[in-house]
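# Secondary and tertiary structure notes
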Amino acid sequence: MNKIAEKLIWMLIALLGASAVGGIALNRGENINALWFIAAALCVYAIAYRFYAKWIALTVLAVDDTRATPAERLDNGHDFVPTNKWIVFGHHFAAIAGPGPLVGPTLAAQFGYLPGTLWILFGAVLGGCVQDMTILFLSTRRDAKSLGQMARDELGVLGGTAALIATFAIMIILIAVLGLVVVNAMKHSPWATFTVSATIPIAIIVGVYMRHLRPGQVLEATVLGVFLLLSSVALGGWVDHQESLRVWFDHEGLTLAWCIMVYGFAAAILPVWLLLAPRDYLSTYMKLGTITLLAVAIIFLRPDVKMPAITQFIDGTGPIFGGKLFPFVFITIACGAISGFHALISSGTTPKLLANEGDIRMIGYGGMLLESFVAVMAMIAATVLDPGVFFAINSSAGIVGTDAAKAVQTITAWGFPVTVEQMQTLAQQMGEVTLFARTGGAPSLAVGMASIFGSAFGDSLLAMWYHFAIMFEAIFILTTLDAGTRVGRFMLQDMLGNIWPKMGETSWTPSVVSSSALVVAAWGYFLYIGVIDPNGGVNILWPLFGIANQMLAAIALSVATGILVKSGKLRYAWVTALPLLWLITITSTAAWQKITSDDIRIGFFAAANDLSDKLAANLLPPEKALVAPQLIFNFHLDGVITIFFIALLWLIVLDMVRVVVRYLIGKPVLPTTETAHSPSRLVEDWLQD
């Protein structure tokens, strides 16, 4: 009887999910309620986790919860530390959930709500979640080796070396861009700066509490940490209104950049239990709490999504970024659907903390599902705004003009009416001087969130909700930056260990300090250039963020596919091979267009040539002419980096195919580097927890 009831329940969930997805996909000409998005997401996630993820974990990967993990076997109290599964989940989610699931869907909304929403849902359950769980499993079975090192060990010197270089180079660019977003979010915002700064000592207090004062008392430490975290949010608002105190947290971008570099270095060298894990764990509560509150508000308000399902900008003429629907919706929304950065976390810090293989499905697949849900919430928050307001906030002055009247005239002509008075009123409600041309996605997302919170809990607090949302986004991003820096350190140590084995020891102090300093110096350089150059610098590298991220995912899936085949699981290799094929298609197409397109809003070299011609003809205003050489250099740099990345990707993919073919025809290949089975002594303790 219970089995029959269970089958009926899952049939109802499937029916509800199909109806919700169908309603979203087929609706035209009328506003659709945001509840359909939540229903579709929850049903799709539930079915995928219950059936697809379980089948992969048990059949394809064959997880073994009685097998000792590297955290247990190599426990050194510094990097390898068996950790409670909920702490690991919190750290993992906080590390992977950076700006992507918030900003990407917001920017992609220029195409309409439909393409991005479908990609978020099905890209996650078939691609992103599979990648995260598979790489976490493979790394756990290989002493928590990094993605690049696994590629070198399993594929060979050629493809492995290319993977090591590609993953490390992409990581540096990703962290630099994340750092710049954090700086811009906290710049001259005492409230955000105070609250973000307060999370560091709070994390240390919680880490010491769980490690030395009350070992194993996770609930007590959680209550203490959440109380201090919420208190810091409230106190930050108070500090922001105290003239004598706010000056201590009101800083220029360059000052904040140096502070972030120092923090990144500290997060990379300190024991993981002292700062990184507890900070990310506590940040998860703020992230989940805010997203849950947003979901509750949406359920309570049942707002209509005002953005059309598909806009006219699918032809590539969008005001926010250039490029057609294919492939750029899949590039713009990386995190939230599938993100290569996650593979670095899944093969970096997380497997060094994992105490039981049985938790891989929850942490790897479940953590990515949660991030996908964040992306759905971001899509809703962006599309419940009036489309005219959305485009007024996100369209640059170069597209719509610097004059407010001209901007609203241009946007209204697109078919999305908006008025100057409407924008002025909205800016006053949010406590801002203006909201025109606040590009980047974060401000419009904050306005959308504040509007939902204000409607549900009081319009008089709109300014507070807006600044809370800005601060929330900054914390979201910083947790990815610190984990990324530590993973970058592990990757560099793996590479240097191939030359000098002693450097490959992740807990050897000289290696830890020197490799951490090199990683921070690398991304810190690009961050520094971006902060001091308001007209370009690393800002121009943002278009590479999505392409590089998806290329990294393709590299991860190539490694996973090769290992599955070598492990005698050819019949299951399609699980990673199909999303790999899709990623190769979209990244190669996007890279080709960014390199060869004559459209200056798409092609890097086209933009550089256009700017060079205008500079030579004295057609640029003096302030633009002054920075034009730097901008031209950056456009060329973007193009060269894109060529470099796509060449490395194809080299790795072809090397994986070579290894697979050799294995299938019976020729010798490198032996698998999976460690031998060792029974766990922790399994009973962790199962009882």
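First, a word on scope: everything that follows refers to the structure included in this document. (Residues numbered from 1 in each chain as written. Predicted model: local features only at pLDDT ≥ 70, side-chain atom pairs only at ≥ 80, totals over all residues. Heavy atoms only, no water.)

## A short note on the environment of Ala334
As a reminder of what qualifies: Starting at the N terminus, helices and strands are each numbered in turn, a helix being any DSSP run of H or I of at least four residues and a strand any DSSP run of E of at least two.
Mapped onto the elements of the fold, Ala334 is located in the loop between α14 (325-332) and α15 (340-346). In the structure, Ala334 is positioned 213 residues away from Ile547 in sequence and 8.5 Å away in space, judged by C-alpha atoms.

## Considering the nonpolar core
Side chains of a nonpolar character, in soluble globular proteins, are inclined to be buried together. To keep it simple, the criterion reads: Buried Ala, Val, Leu, Ile, Met, Phe, Trp, Tyr and Cys residues that are joined via side-chain atoms within 4.5 Å together make up what is termed a nonpolar core. Relative accessibility decides the category of a residue: with a 1.4 Å probe and only protein chains considered, values under 20% of the type maximum give buried, values over 50% give exposed, and everything between is partly exposed. Contacts are assigned to residue pairs with any non-hydrogen atoms lying within 4.5 Å of each other.
Membership of the largest hydrophobic core comes to 226 residues, with the highest contact counts inside it found for Tyr365, Met377 and Trp523. No other element matches the 18 residues that helix α8 (residues 157-186) contributes to this core. Excluding residues that lie within four positions of it along the chain, Tyr365 makes contacts with Ala48, Tyr49, Tyr52, Ala53, Val125, Cys129, Val130, Met133 and Ile360.

## A closer look at the packing of helix α1 (residues 2-26) against helix α6 (residues 113-140)
Rules: Where helices are involved, their axes are fitted lines through C-alpha atoms of the stretch in contact, as for all axes, and angles between N-to-C directions lie from 0 to 180°. For this classification, under 35 degrees means roughly parallel, over 145 means roughly antiparallel, 65 to 115 means roughly perpendicular, and everything else is oblique. All residues other than Ala, Val, Leu, Ile, Met, Phe, Trp, Tyr, Cys, Pro, Asp, Glu, Lys and Arg, Gly among them, are scored as polar; the first ten of these are nonpolar and the last four charged.
Taken N-terminus to C-terminus, the directions of α1 and α6 make an angle of 150°; their axes are 9 Å apart at the nearest point. On the basis of their axis angle, the class for α1 and α6 is roughly antiparallel. Between α1, through Val21, Ile24 and Ala25, and α6, the contact on the second element is made entirely by Tyr113, Leu114, Leu118 and Phe122. Looking at the contact of α1 with α6 residue by residue, the classes come out as seven nonpolar, no polar and no charged.

## Observations concerning the side chain of Thr69
Mapped onto the elements, Thr69 comes out in the loop between α2 (35-61) and α3 (70-73). Dropping the residues within four chain positions of it, Thr69 is found in contact with Thr140, Leu354, Ala355, Asn356 and Glu357.

## Concerning the pattern of salt bridges
Cut-off, in case you're wondering: Criterion for a salt bridge: a side-chain nitrogen of Lys or Arg within 4 Å of a carboxyl oxygen of Asp or Glu.
Within this structure, the stated rule accounts for 15 salt bridges. Where Glu154 meets Arg142, a salt bridge forms, and the shortest distance between an N and an O atom there is 2.8 Å. Of this pair, Glu154 sits in helix α7 (residues 147-155) while Arg142 is found in the loop between α6 and α7, placing the two residues 12 residues apart along the sequence. The shortest N-O distance in the salt bridge between Asp386 and Lys306 comes to 3.3 Å. Pair noted here: Asp386 is in the loop between α16 (360-383) and α17 (387-394) and Lys306 is in the loop between β2 (304-305) and α14, with a separation of 80 residues, a long-range link.

## Examining the environment of Phe51
Within the secondary structure, Phe51 is located in helix α2. Spatially, the C-alpha atoms of Phe51 and Gly484 are 31 Å apart, while their sequence positions differ by 433 residues.

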